[in-house]
Amino acid sequence: MTRFRRTGRRRRTVVGSCAVALLVTATGTAYAVDNLPPKQPLVQDLQSGSKACATGDDTAYVSAPPRLNAVLYDPEEDNQPSEFSPVNGEFEAWWTDPTGVEQRRSHSTVTQPSGAHHYWTMPDDIPAKTVVSWHVRANDGKATSA
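Here goes a summary of the coordinates provided. (Residues numbered from 1 in each chain as written. Predicted model: local features only at pLDDT ≥ 70, side-chain atom pairs only at ≥ 80, totals over all residues. Heavy atoms only, no water.)

A closer look at the overall build of the protein chain
Counting its secondary structure elements, the protein chain contains zero helices and 13 strands. Taken from N to C terminus, the helices and strands of the protein chain fall in the order β-β-β-β-β-β-β-β-β-β-β-β-β. Going through the 146 residues of the protein chain one by one, you find that 36% of them count as buried. Counting only carbon and sulfur atoms, one obtains 51% of the accessible surface of the protein chain, whose full area is about 8500 Å². (Helix = DSSP H or I, 4+ residues; strand = E, 2+ residues; numbered from the N terminus. Buried < 20%, exposed > 50% of the residue type's maximum accessible area, 1.4 Å probe, protein only. Areas by Shrake-Rupley, 256 points an atom, 1.4 Å probe, with all protein chains shown as cover.)

Structural data, given as structure tokens:
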């Protein structure tokens, strides 16, 4: 989760893991049983505007709604040779408006190859001096990342 104050961001790192089930045929060939979920986005692959997301309690301040950026990955192990691993990004942002009501917005990006940058420019109607939290996950059409 990342936070920025509309004129910033704060991030908390969540560590995830997954297991792969493999079957071995009579000839000893291993193959994946099912689709592996995309990898959880890494903190170092996230940005709010041109500012890299950092761990800790440092809130970045921005003067305009930032363009959120995430590099998203899908493991190649679940594809056949010569297949690529397409993913799209699912962004979500939330904040409390001046009346105390939580506001949420979401955005899905176009599908791109694993390792590509995915972007969302935040809406310009977010009130000034507002802390906005956001997160992103990858979706490969069959599974989503943490």
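Topic: the pairing of strand 9 (residues 86-96)
Within strand 9, eight of the eleven residues are buried, which leaves the element mostly enclosed by the surrounding structure. Direction of pairing for strand 9 relative to strand 13 (residues 131-139): antiparallel, over a ladder of seven bridges. If you follow N88 over to strand 13, its bridge partner there is N139. Where strand 9 and strand 10 (residues 102-108) come together, seven bridges link them in antiparallel fashion. When the sheet's bridge partners are listed, E90 is paired in strand 10 with S108. Linking strand 9 to strand 10, which pair antiparallel, is a turn of five residues; within it G100 sits at a positive phi near 90°. (Pairing = 2+ DSSP bridges.)

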